[in-house]
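# Coordinates in review
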Amino acid sequence: MRYRQLTTGTLALGVLLLIDVLRVWLPGIITIFGQAASTPAELMGAFALGWFVLAMGAPAVVRRVGARPVTVVAAVALAVARLALTAAPGGRTQLWLATAGLLAGLVWLVGVAADTDRPVPGLALGFAVNAAVHAVLDTVDLVWRGDWVAWLLSAVAVAVFLVGTAQPGQRGGAGNALAGPADAAVGPAEAPVGPAEAPVGPGGGRAWLLAGPALLLAGMVALSPALARTGMSYLVVGDGVARSPLFGLAPVPVAVAGFLCAALTGPPRGWGRAYGPVALLGGAVLFALDRGDLLLPAILLAAVGLGACLALTDDTRPPAADTASAGTSAARRGYAVAAGMLVFALGAVGYYSAYDLGYPNAAVPVVVAVLIAAVAFTARPVGDRLPGPFPPLRAAAAVTALALLAPVLADEVPVASNRDGPPERLTVVAYNIRMGFGLDGRFDLAGLAEVVERQRPDVVLLSEVDRAWLLNGGHDTLDLLADRLGMPYVFGPAADPVWGDAVLSRWPVDDPRTLPLAAVGAPTGAQALAVTLDLGDGVRTAVVSTHLQPPPGKGPVVQARAVADFATRYAAGRPLVVAGDLNTEPGDEAFVEFTKAGLVDALAAARPLATSPADDPRQQIDHIFVSPGLTPGDPVAPRSTASDHLPVAVTVTLPPR
């Protein structure tokens, strides 16, 4: 295998492993280090940024020790951490394993940058293959699966990565300049450079600088399978809510193909070079508008634009004439990739911390896109571009073919249908699922589904539903849980189009409506989602799912009043169920707002029925209210640590016809 192919393939595989580690480390900041929201957001942000700042010292280590020793040691540490995470240990062990893997991955990138002046093909393939695999796996990475298939595939990926890293690379250019004391005795005249090897040139700094910002926008927007499926779900009806889509992952192959074709082929000349930056900015702006119906064009524009911007930085200048110049260029590349990854951390922390601290965050993806566009557009055009390590169209076609498997293998659409006649009873479950992460910090779909299925529910109301946040691993938790329960969903956006509340039902639903709730000082957005269950023979029941967000130091009185009024008006005399994480205890002012509206506490017979925290319940903040015509029975809060809340369940008897 030629050197360029080996370098590109190993870089792509290393990027894939690093993203796998990030998908564990990022949610670990919230669920493990954050200790169930008891840790200040500022401290969590400092913890996250600290490791990226520490990695800024890696270029100095590379310059002193040599690129190859640092790269090999860091690659082994990254591989070991990635493989260990497949065991999904949970808790602080999981957090520190992921942290070690992250730091090793950052140092590995710096080492690779010192010896690689043309990283764009490897970076682009790494981003694209990760997106395709993530889609085929239905947005649940191998790390969280833990079965023998996950172990086998993880072991193969790690082994191939280590074999590629262990292969001797080029000995000329920057590789020789930074070889370190042990290799200094081998002079340039003794360094064999065969016809299959290519000496390192002085370029690549801009491309390495964009590695971190590009990773952020790829994970948030351009190459996010979960965001693609969420965008499709908003197009099912177009009524401002999202429903279970058909072939929800279909946009992923299109985005992957557009991204790779733009990244691996030469950019146009003259002002045609502007199409990539313009497309990327357009996609970032559409994403920042926080509208579900704009997610798909945002993804496609951002994918093509991001690929084109990377192509503009694909510098193929001739190698440096002297060792000192090569060493300087290598150091610059090392600092460039470290700085770029710091931009990734700043952007991620800046964007997602807003949901805890309450400041506007829409500008973050736009600012990152502006940075990428500016660096790319101001890059010096390359005259005689050297061919890449792989044929662009063949490489794009191969990865796109992998992504095309996702709509076939990973897309399931549960279907609700009326049974024979209307039922006499309905079992209702309300559950705050904390983005799918249990108290141990593991992504625990099986635990969530198991505790819900034990109740044999007819309708499930979910709070803290995350459908695509990179911070939480980029999972579509709602679609995954709906598939496990065999129940289609309706989703109401709250904080943004991918975070909110949902209703899953075994019976057909119609007339969905959502009410945005006043923030009243609370940082995270809130809403109320109302749907109507069609139980057959003209029997219809209204259901409202909500998650109240109290302002600092107060109860959610204003929001509770708004939800109670909205629900009773929506029901218009029909049987009504209102449920969710209401962040208020029985007897509090906000709780009384629901009883003042004529609703009945369906869990009253089992009080006290504490629901939070799940491992030691002390607060009764998850509730189910029903209209007087419904008779509640069998109230329960089954024990589980699949979330930081316990679910609440009740069986209601419908009024006689």
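In the block above lies the structure referred to throughout.
All values derive from a computational prediction rather than experimental measurement.

## Description of the sheet that holds strand β12 (residues 631-636)
- Overall, mixed pairing links the seven strands, which are arranged β1-β4-β5-β3-β2-β13-β12 in an open sheet. Edge positions in the open sheet fall to β1 (242-243) and β12, since each of these has one partner strand only.
- When strand β4 (residues 489-496) meets strand β5 (residues 499-505), the two strands line up antiparallel, connected through six bridges. Of the residues in β5, the one forming a bridge with Y489 is L504.

## Section: the pattern of salt bridges
- This structure, assessed with the given rule, holds 18 salt bridges.
- For E424, the salt bridge identified is with R425, shortest N-O distance 3.6 Å.
- Classification of R425 by relative accessible area gives partly exposed; the value is 48%.
- D601 is the partner of R607 in a salt bridge, and the nearest nitrogen-oxygen pair spans 3.1 Å.
- Salt bridges here are not isolated pairs; linked through shared partners, they connect D138, R229, D411, R467, D476 and D479.

## What about the packing of helix α14 (residues 295-312) against helix α17 (residues 363-377)?
- Interhelical geometry of α14 versus α17 gives an angle of 35° and a closest axis separation of 8 Å. Read as a crossing pair, α14 and α17 show a hand that is left-handed. Of the residues in α17, those in contact with L306, C309 and L312 of α14 are I372, A373, A376 and F377.
- Here the contact of α14 with α17 is composed, by residue class, of seven nonpolar, no polar and no charged.

## Description of the state of the cysteines
- For the structure shown, the criterion picks out zero disulfides.
- The thiol sulfur of C261 is not disulfide-bonded, and the nearest other cysteine sulfur, from C309, lies at 16 Å.
- Take C261: its relative accessible area is 30%, and that puts it in the partly exposed class.

## Points about the packing of aromatic side chains
- Enumeration over the complete set of coordinates arrives at 21 aromatic pairs.
- A centroid spacing of 6.0 Å and a plane angle of 80° characterise the contact between F47 and W51, whose relative ring orientation is edge-to-face. With F47 and W51 both in helix α2 (residues 41-55) and four residues apart, the pair spans about one turn of that helix.
- Overall, F47 belongs to the buried group, its relative accessible area being 12%.
- An angle of 80° between the planes, with centres 6.1 Å apart, marks the rings of Y351 and Y355 as edge-to-face.
- By relative accessible area, which is 4% here, Y351 ends up buried.
- Looking at Y355, the relative accessible area reads 7%, which means it is buried.
- A cation over a ring is seen here: R467 above F491, with NZ or CZ 5.3 Å from the ring centre.

## Observations regarding empty space enclosed by the protein
- Under the definition given, this model contains seven cavities of 30 Å³ or more.
- Along the wall of the largest cavity there are 17 residues; nearest its centre are I29, I30, V349, S353 and L471.
- Taken together, the elements giving at least two residues each to the lining of the largest cavity come down to α1 (3-33), α2 and α15 (323-352).
- Looking at side-chain class alone, the lining of the largest cavity contains 14 nonpolar, two polar and one charged residues.
- The calculated volume of the second largest cavity comes to roughly 130 Å³.
- I19, R23, N130, L215 and G219 are the residues nearest the centre of the second largest cavity, which is lined by 13 residues in total.
- Those elements that place two or more of their residues in the lining of the second largest cavity are α1, α6 (120-136) and α10 (211-222).
- Residue contributions to the lining of the second largest cavity peak at four residues, all from α1.
- A per-class count over the lining of the second largest cavity returns ten nonpolar, two polar and one charged.

Basis of the calculations
- Numbering of residues starts from 1 in every chain and runs along the sequence as written.
- Residues qualify for local features only when their pLDDT is at least 70, as the model is predicted, and side-chain atom pairs are given and counted only at 80 or more; totals for whole chains, interfaces and linings, by contrast, use all residues.
- Hydrogen atoms and water are omitted, and side-chain values are computed over all heavy atoms in the structure.
- Pairing between strands is defined by DSSP: at least two bridges between them are needed.
- Here a strand is any run of E in DSSP of at least two residues, a helix any run of H or I of at least four, and the numbering for each starts at the N terminus.
- Any Lys or Arg side-chain nitrogen located within 4 Å of an Asp or Glu carboxyl oxygen qualifies as a salt bridge.
- The classification of residues rests on relative accessible area computed with a 1.4 Å probe and restricted to protein chains. Under 20% of the type maximum is buried, over 50% is exposed, and intermediate values are partly exposed.
- Lines fitted to C-alpha atoms define the axes, with helix axes restricted to the stretch in contact, and inter-axis angles between N-to-C directions lie between 0 and 180 degrees.
- Working rule for handedness: look at the near helix, and if it is turned counterclockwise from the far one by less than a right angle, call the crossing left-handed; if clockwise, right-handed.
- Only heavy atoms enter the contact rule, under which two residues are in contact if any of them lie within 4.5 Å.
- When residue character is reported, Ala, Val, Leu, Ile, Met, Phe, Trp, Tyr, Cys and Pro are called nonpolar, Asp, Glu, Lys and Arg charged, and the others, Gly included, polar.
- Note on terminology: disulfide denotes any pair of cysteine sulfur atoms within 2.5 Å.
- Each pair of aromatic rings taken from Phe, Tyr and Trp, with Trp reduced to its six-membered ring, is defined by centres within 6.5 Å and is described as stacked if the planes are under 30 degrees apart, edge-to-face if over 60, and tilted in the remaining cases.
- Counted as over-ring charges are cases with an Arg CZ or a Lys NZ within 6 Å of the ring centre that also lie within 35 degrees of the ring normal.
- In this analysis the probe radius is 1.4 Å and the grid spacing 1 Å, with only protein atoms considered; a cavity is a set of points the probe fits into but cannot get out of, a pocket is an open set with protein on both sides within 12 Å along at least five of seven lines, and lining residues have an atom within 4 Å of a point.
- Grid points are joined across faces, edges and corners, and a volume is the space filled by probe spheres set on the points.

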